[in-house]
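Chains, contacts and geometry: an overview
Listed below are the residues making up each chain.
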Amino acid sequence: METTTRIEVLTTFGHALSDPTRARVLVALRAGGAYPTELAEQLGVGRTSLSNHLACLRGCGLVVAVPEGKRVRYELADGHLRRALEDLLGTVLAPDAAACAPARAGGECC
């Protein structure tokens, strides 16, 4: 059995965040669970596209699908992820976080 390394976990998280829609889904789910229809409307994306992104995020282990009768609600897989997203947002949005300013301005970073 292959052991997942810390680098693989970070790479998976980075892959999830590399797509703007997936990143927006993760940020939206910080507030709590949501149904796909609500998420699609909130994010302004099609349901098929959202479904594909949710499948990716489930595959990465970042979100879980919680059956509720005939509906399925999605939520972050773990409370630690919510805190990690908060910390990450606080770091990259901090006034003195100039490490990747070119990327925020639409240029290249790293």
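Residues numbered from 1 in each chain as written. Predicted model: local features only at pLDDT ≥ 70, side-chain atom pairs only at ≥ 80, totals over all residues. Heavy atoms only, no water.

1. Things to note about helix H2 (residues 20–28)
- Within H2, burial applies to Thr 21, Arg 22, Ala 23, Val 25, Leu 26 and Ala 28.
- Looking at the packing, one finds that the buried side of H2 touches helix H1 (6–17), helix H3 (36–43), helix H4 (47–59), strand S1 (63–68), strand S2 (71–76) and helix H5 (79–92).
- For H2, the N-terminal capping position is held by Asp 19, with its side-chain oxygen 2.9 Å away from the main-chain nitrogen of Thr 21. (Buried < 20%, exposed > 50% of the residue type's maximum accessible area, 1.4 Å probe, protein only. Helix = DSSP H or I, 4+ residues; strand = E, 2+ residues; numbered from the N terminus. Contact = heavy atoms within 4.5 Å. Polar contact = N/O pair within 3.5 Å; in protein donor to acceptor, adjacent residues only side chain to side chain.)

2. Regarding the pairing of S1
- Pairing of S1 with S2 involves six bridges; the strand directions are antiparallel. Of the residues in S2, the one forming a bridge with Val 64 is Glu 75.
- In textbook terms, the turn of a hairpin is the stretch between consecutive antiparallel strands, and for S1 and S2 this stretch comprises two residues, one of which, Gly 69, has a positive phi near 65 degrees. (Pairing = 2+ DSSP bridges.)

3. Let's talk about the environment of Glu 75
- Tracing the backbone through its elements, the reader meets Glu 75 in strand S2.
- The exposure class assigned to Glu 75 is partly exposed, which follows from its relative accessible area of 25%.
- C-alpha of Glu 75 to C-alpha of Arg 30: the two residues are 45 residues apart in sequence and 8.1 Å apart in space.
- Setting aside residues up to four positions removed in sequence, Glu 75 forms contacts with Leu 29, Gly 33, Leu 62, Val 63, Val 64 and Val 66.
- Within the structure, Glu 75 has its side chain in polar contact with the side chain of Arg 73 (distance 2.3 Å).

Functional significance is not addressed by these values, which are geometric in nature.
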